[in-house]
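Observations on the three-dimensional arrangement
Spelled out from the first residue to the last, the chains are:
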2 protein chains.
Amino acid sequence: MSASSLGFVTAQSQHFDAALPLRSGARLRDFDIVYETYGELNAERSNAVLVCHALNASHHVAGCYEGQDKSEGWWDNLIGPGKPLDTDRFFVIGVNNLGSCFGSTGPMHANPETPGRVYGADFPVVTVEDWVDAQALLLARLGISQLAAVLGGSLGGMQALDWSLRYPKMLRHCIAIATAPNLSAQNIAFNEVARRAIITDPDFHGGHFYEHGVVPKRGLRVARMIGHITYLSDDVMEQKFGRKMREAELGYSTQDIEFQIESYLRYQGDKFSEYFDANTYLLITRALDYFDPARVFGGDLSRTFASASCKFLLASFSTDWRFAPARSREIVKALLDNRLDVSYAEIDAPHGHDAFLLDDPRYHGLLRAYFQRIAGEFQ
Amino acid sequence: MSASSLGFVTAQSQHFDAALPLRSGARLRDFDIVYETYGELNAERSNAVLVCHALNASHHVAGCYEGQDKSEGWWDNLIGPGKPLDTDRFFVIGVNNLGSCFGSTGPMHANPETPGRVYGADFPVVTVEDWVDAQALLLARLGISQLAAVLGGSLGGMQALDWSLRYPKMLRHCIAIATAPNLSAQNIAFNEVARRAIITDPDFHGGHFYEHGVVPKRGLRVARMIGHITYLSDDVMEQKFGRKMREAELGYSTQDIEFQIESYLRYQGDKFSEYFDANTYLLITRALDYFDPARVFGGDLSRTFASASCKFLLASFSTDWRFAPARSREIVKALLDNRLDVSYAEIDAPHGHDAFLLDDPRYHGLLRAYFQRIAGEFQ
């Protein structure tokens, strides 16, 4: 562990007895939310930052678990003592969303409606709005009535935007990185192919594979491989792999690995299929598809953000073709139309969508400066 | 049929008894090549144009089959009497490549090494070079010693380029549309995901599914869905589908169709899985991966084209992100480095890679003018 490390962290859990009504009309009878915190809540309870996760992440945002190697949080490069989101000044909360396979109530948990069985495919469809509602209940439980900021990238950025729209008084800053006001047809198309790969895997068993003692690993592998292609830029793939072969001579095989990019993708797919839940993958990609706050305003994003009142920081990355800078600019325009306080940076980075998770000096410098501004407001 | 139609056309076949040595070191003991011709070969035998097909096409390039609805050739908008490639002036040959599932010897044919069984996964890996060698044998059989032009788009364009490199005296013009000097890491990555979807389908049976009476349709569907996303531009997908829903109200389901883009992709995948052979898909995507004529020149494309002597027309489409204009420009630069006669057009078209198959007036106007120039050379 480095000098600026958080040291060992532990996950916590809160149980909620009251039913949670969902956008779909269904409800969760009761549920658990798993979360982690880093740093100390100040006496005024004004320094809390909520971090929302993206597709395959969790509440384990920073630090390491005791006794476990390689358990570093997924945004550990950003969050810790002296880091851009400085836990010596901020109280940071990482929260796991409903439907996840990492602790909060999800498809792998017991379904109270069918004693002795887990939810599986019967877990209700959850939306970004449902997640934010559950996060708001957690904050109430923790005694936090207003957040200094909500921070998220990609799908996490959509949650941050939803906070600004539906709980406008509960946050002072919304920080949405590499995100979009909704998915494009191409985004939905990639999600749909990944879902079909999972659902048509014979080991999926209509989403009730747990009771068959199998996992639809073939589908999960293909889904993850597709995902990985869209997370990386064409350029960075070319620099990292190009046409590099695994062996010096061509093997002339359709099934064996010839190119290093194939080896990389198969490895990523295999790894993912060992730990990720297939039903969670379906739920989270669907939440992405459904997110579209402008829908009830006839697609008018400017009218959509009329309810927002917090300050905004948006950032996008030049080579991100999944959520391209143009998508962030749509949001910036809508915010400016409402005369809101908005900062926006388009960062020239080669890594595609993945850049939001990486330690790029311009990107981290931007976040460091913005969090210093926020800290200045309560110190 | 329109006035400018070819009317009914018929497929022909030639059998070759001599073994064909392949790049892999394997050989095909004997083989059939299926082809079609349109127009008349002139007395000087100087007006022949060979059309090479791309991933999922065949020798059926133009015209219709008698008694069959919807049997129009895949490039019928381009080829026929009075069309840009005018069959009143040119003798056009459409050829089906080895390894295909549309007639020429392929995985669905009897394997002479294993009597009573089809090749299946034992069909040897074929390359663009092997296809061109077989095409050259067909032309010799037809008594054509020099082609007016070789024409192809995408993978067909790679074959046209290979003709110019290895049979430089056998063609006067190489017309390569929406192609590339080799696949990028991202291109290979998409092919690899599609192949994994097919190979890991339990109905694939290691490529010997025929004898099990099944077809790996799940894998083929996913492969085709991935392909379709990469054929279309982000823009045209947005215009055509955007976020249009199938029903007025959200259904909140991870498995049912919500968005029209999902419906479109599933339909394309289903249709494809009904007629396309899984082993052919693996072979053709691998031929794409392997094509890299500059490999033996240490990646130096200018040195690669030192062997070429014909004239060239290249065209690319602004929104093609599969084989982007920059890839065509690499070829153009290499041709100019060799002081070859090259025309190049970058066509502003919204349809992505698919544009090479569509009837865009600027694109077809370009081809019409170029073929008029070629016709002027022999008339």
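Look up: the structure comes first, before these words.
What you see is a predicted model; the values in this text were computed from it and never measured.

Turning next to the relation of the copies chain B and chain A. You can overlay chain B on chain A at an RMSD of 0.0 Å; the transform is a turn of 180 degrees with a shift of 0.0 Å along its axis. A rotation of that kind, with that shift, is consistent with a two-fold axis. Mapped onto chain A, 100% of the interface residues of chain B are again interface residues, and the two copies thus contact each other with one and the same surface.

Now for the nonpolar core. Counting residues in hydrophobic clusters, the biggest one holds 259 residues, and the most contacted among them are Phe312 of chain A together with Phe312 of chain B. Once residues within four sequence positions are removed from consideration, Phe312 of chain B is found in contact with Leu161, Ser164, Cys174, Phe305, Leu335, Leu340, Asp341, Val342, Ser343 and Tyr370 of chain B.

What follows concerns helix H9 (residues 325-337) of chain A. Residues and elements named next belong to chain A. The first and last C-alpha atoms of H9 sit 18 Å apart over 13 residues, in line with the 18 Å expected at 1.5 Å per residue. Listing the buried residues of H9 in full gives Pro325, Arg327, Ser328, Ile331, Val332, Ala334 and Leu335. Of the residues one or two after H9, Arg339 is the one with positive phi, at around 55 degrees.

This part covers the packing of aromatic side chains. Applying the stated rule across the entire model yields 46 aromatic pairs over all chains. Consider the rings of Phe272 of chain B and Phe276 of chain B, whose centres lie 4.6 Å apart with planes at 15 degrees: the pair is stacked. As far as burial versus exposure is concerned, Phe272 of chain B and Phe276 of chain B are alike and both buried. Three or more aromatic residues joined by ring pairs make a cluster, and in this case those are Phe102, Phe272, Tyr275, Phe276 and Tyr281 of chain A. The ring of Phe16 of chain A has Arg141 of chain A lying over it, and the distance from NZ or CZ to the ring centre is 4.1 Å.

Here we come to the side chain of Glu192 of chain A. Along the chain, the position of Glu192 of chain A falls in helix H3 (residues 185-199). Within the local environment of Glu192 of chain A, its side chain forms a polar contact with the side chain of Arg266 of chain B, the two groups lying 2.7 Å apart. The residues contacting Glu192 of chain A, other than those within four sequence positions of it, are Met225, Glu262 and Arg266 of chain B.

Now for unusual backbone geometry. The phi torsion of most residues other than glycine is negative, and most of the peptide bonds are trans. All names here are of chain B. A positive phi is found at Ser154, a non-glycine position, where the angle reads about 60 degrees. Its location among the elements puts Ser154 in the loop between strand E9 (149-153) and helix H2 (155-166). Even without being glycine, Ala178 reaches a positive phi, approximately 45 degrees. Relative to the assigned elements, Ala178 resides in the loop between strand E10 (173-177) and helix H3 (185-199).

Another aspect to go through is the interface of chain B and chain A. Opposite the 58 residues of chain B that make contact, chain A presents 58 residues. Both faces considered, chain B and chain A share a buried interface measuring about 5000 Å² in area, 63% of it formed by carbon and sulfur atoms. Considering only the side of chain B, the residues that lose the most area to chain A are Arg243, Tyr252 and Thr254 of chain B, jointly responsible for 15% of the buried surface there. Inspection of the region where chain B meets chain A yields eight salt bridges. The salt bridge partner of Arg286 of chain B is Glu262 of chain A, with a shortest N-O separation of 2.7 Å. Where chain B packs against chain A, one counts 28 residue pairs in polar contact (both at pLDDT 80 or more). In terms of residues, the side of chain B that touches chain A owes the most to one element, H3 of chain B, which gives eleven residues. Split into classes, the residues belonging to the side of chain B that touches chain A amount to 30 nonpolar, twelve polar and 16 charged.

This part is about the packing of helix H4 (residues 217-231) of chain A against H3 of chain B. Viewed as axis vectors pointing N to C, H4 of chain A and H3 of chain B meet at an angle of 170 degrees, and their least axial separation amounts to 10 Å. Overall, the two elements H4 of chain A and H3 of chain B adopt an arrangement that is roughly antiparallel. On H3 of chain B, the residues that touch Val222, Met225, Ile226 and Ile229 of chain A of H4 of chain A are Gln186, Ala189, Phe190, Glu192, Val193, Arg196 and Ala197 of chain B. In terms of residue class, the contact of H4 of chain A with H3 of chain B is built from eight nonpolar, one polar and two charged.

Our next topic: the pairing of strand E4 (residues 31-38) of chain A. Looking along a regular strand, one sees the side chains alternate between the two faces of the sheet. All names here are of chain A. Counting buried residues along E4, six of its eight residues qualify, which places the element largely inside the surrounding structure. Here E4 runs beside strand E8 (residues 91-95); their pairing, made up of four bridges, is antiparallel. From the neighbouring strand, Tyr35 faces E8, where its bridge partner is Val95.

One pass over the full model with this rule turns up 45 salt bridges over all chains. When the shortest N-O distance is used, the salt bridge between Glu211 of chain B and Arg117 of chain B registers 3.2 Å. On the criterion of sequence distance, the pair formed by Glu211 of chain B in the loop between H3 and helix H4 (217-231) and Arg117 of chain B in the loop between strand E8 (91-95) and helix H1 (128-141) is long-range, its members being 94 residues apart. Judged by relative accessible area, Glu211 of chain B falls into the partly exposed class, the value being 47%. The class for Arg117 of chain B is partly exposed, based on a relative accessible area of 32%. Among the charged side chains, a salt-bridge network with shared partners connects Glu192, Arg195, Arg286 and Asp289 of chain A together with Glu262 and Arg266 of chain B.

Right, let's talk about the environment of Ser154 of chain B for a bit. All names here are of chain B. Using a relative accessible area of 8% as the deciding quantity, one classes Ser154 as buried. Setting aside residues up to four positions removed in sequence, Ser154 forms contacts with Ala54, Ile177, Ala178, Thr179, Phe323, His353 and Phe356. A polar contact is formed between the side chain of Ser154 and the side chain of His353, at a distance of 2.8 Å.

Definitions and cut-offs
Residues numbered from 1 in each chain as written. Chains lettered and ligands numbered in written order. Predicted model: local features only at pLDDT ≥ 70, side-chain atom pairs only at ≥ 80, totals over all residues. Heavy atoms only, no water. Least-squares fit on C-alpha atoms with pLDDT ≥ 70 in both. Contact = heavy atoms within 4.5 Å. Core = buried A, V, L, I, M, F, W, Y, C linked by side-chain atoms within 4.5 Å. Buried < 20%, exposed > 50% of the residue type's maximum accessible area, 1.4 Å probe, protein only. Helix = DSSP H or I, 4+ residues; strand = E, 2+ residues; numbered from the N terminus. Expected span 1.5 Å × (residues − 1). Phe/Tyr/Trp six-rings, centres within 6.5 Å; stacked < 30°, edge-to-face > 60°. Lys NZ or Arg CZ within 6 Å of the ring centre and 35° of its normal. Polar contact = N/O pair within 3.5 Å; in protein donor to acceptor, adjacent residues only side chain to side chain. Buried area = accessible area lost by both parts, 1.4 Å probe. Salt bridge = Lys/Arg side-chain N within 4 Å of Asp/Glu carboxyl O. Nonpolar A, V, L, I, M, F, W, Y, C, P; charged D, E, K, R; others polar. Axes fitted to C-alpha atoms, helices over the stretch in contact; angles between N-to-C directions. Parallel < 35°, antiparallel > 145°, perpendicular 65-115°, else oblique. Pairing = 2+ DSSP bridges.

All quantities given are derived from atomic positions and should not be read as evidence of function.
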